Amino acid sequence: MIDLMLAAMLAAAKPSYEPPAETWYPQAVGCAASAMVAKGRTPTGDQIGEIMTFGMIVADVGRKSGRTKEQVEADVKVADSFYRHLKAKKPKAFAAHRAYCSALLDADRP
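Residues numbered from 1 in each chain as written. Predicted model: local features only at pLDDT ≥ 70, side-chain atom pairs only at ≥ 80, totals over all residues. Heavy atoms only, no water.

Enquirer: Which parts of the structure should I look at to understand the overall build of the protein chain?
Expert: Within the protein chain, the secondary structure is distributed over five helices and zero strands. The secondary structure elements of the protein chain, listed N-terminal to C-terminal, are α-α-α-α-α. The proportion of buried residues among the 110 residues of the protein chain is 26%. Counted over contacts in the protein chain with a minimum sequence separation of 6, partners at least 24 positions apart contribute 78%. Of the roughly 7900 Å² that the protein chain leaves accessible, carbon and sulfur atoms contribute 63%. (Helix = DSSP H or I, 4+ residues; strand = E, 2+ residues; numbered from the N terminus. Buried < 20%, exposed > 50% of the residue type's maximum accessible area, 1.4 Å probe, protein only. Contact = heavy atoms within 4.5 Å. Areas by Shrake-Rupley, 256 points an atom, 1.4 Å probe, with all protein chains shown as cover.)

And the structure:
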């Protein structure tokens with residue numbers, strides 16, 4: 001019975017949109033880096049979840065877009081420096097970017 005229910009649920013599921021890796025990769029790198037910058041000394045569970053989610057996205061789309069592990073790490077390091085500067089010098093812009101990243105994660109949620 002459970003097998004039948006699972007099969008019905010999978011058949012009814014609509015495939016979700018997956019943006020091209022070349023487009024999604026820089027967005028994910030920026031969101032991963034800014035999430036790490038925003039976390040502070042004692043990150044909340046939501047912050048840890050966001051960092052891990054964007055980290056997995058970066059790893060996946062980085063590979064799909066042809067980036068090596070070393071290139072991905074370098075990209076995140078550069079983005080980290082940028083978002084540290086942005087947080088310090090342009091806090092409104094940093095807050096707007098964080099809101100954008102949160103909205104990206106919430107886009108597929110009901």
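Enquirer: I'm lost on the environment of F82 in this one. Help?
Expert: With respect to the element layout, F82 can be found in helix 4 (residues 69-89). With relative accessibility at 45%, the residue F82 sits in the partly exposed group. Along the chain, F82 and V37 lie 45 residues apart, while their C-alpha atoms are 9.9 Å from each other.

Enquirer: Help me understand the packing of helix 3 (residues 45-64) against helix 5 (residues 91-106), please; the structure alone is not making it clear to me.
Expert: Packed helix pairs are characterised by how far apart their axes lie and by the angle those axes make with each other. One can describe the packing of helix 3 onto helix 5 by two numbers: an axis separation of 12 Å at closest approach and a directional angle of 75°. When the axes of helix 3 and helix 5 are compared, the pair comes out roughly perpendicular. Contact residues: E50, T53 and F54 in helix 3; R98, C101, S102 and L105 in helix 5. Of the residues in the contact of helix 3 with helix 5, the class split is three nonpolar, two polar and two charged. (Axes fitted to C-alpha atoms, helices over the stretch in contact; angles between N-to-C directions. Parallel < 35°, antiparallel > 145°, perpendicular 65-115°, else oblique. Nonpolar A, V, L, I, M, F, W, Y, C, P; charged D, E, K, R; others polar.)

Enquirer: Would you explain a nonpolar patch on the surface in this entry?
Expert: Taken together, the side chains of I48, M52 and M56 present a nonpolar region at the surface, about 320 Å² in accessible area. Looking at where M52 falls in the secondary structure, it is placed in helix 3. (Patch = residues over 30% accessible without salt bridge, like charges linked within 9 Å, V, L, I, M, F, W, Y side chains within 5 Å. Salt bridge = Lys/Arg side-chain N within 4 Å of Asp/Glu carboxyl O.)

Enquirer: Just to check I follow, could you spell out the nonpolar core for this structure?
Expert: In summary, soluble globular proteins display a tendency toward joint burial of nonpolar side chains. Counting residues in each nonpolar core, the largest one holds 20 residues, and the members touching the most others are Y25, F54, I57, V58, V61 and Y83. Only helix 2 (21-38), helix 3, helix 4 and helix 5 provide two or more residues apiece to this core. Take this core: its biggest share by element is nine residues, from helix 2. Every residue in contact with Y25, bar those within four places of it in the chain, is listed here: V58, V61, G62, S65, R67, Q71, V72 and D75. (Core = buried A, V, L, I, M, F, W, Y, C linked by side-chain atoms within 4.5 Å.)

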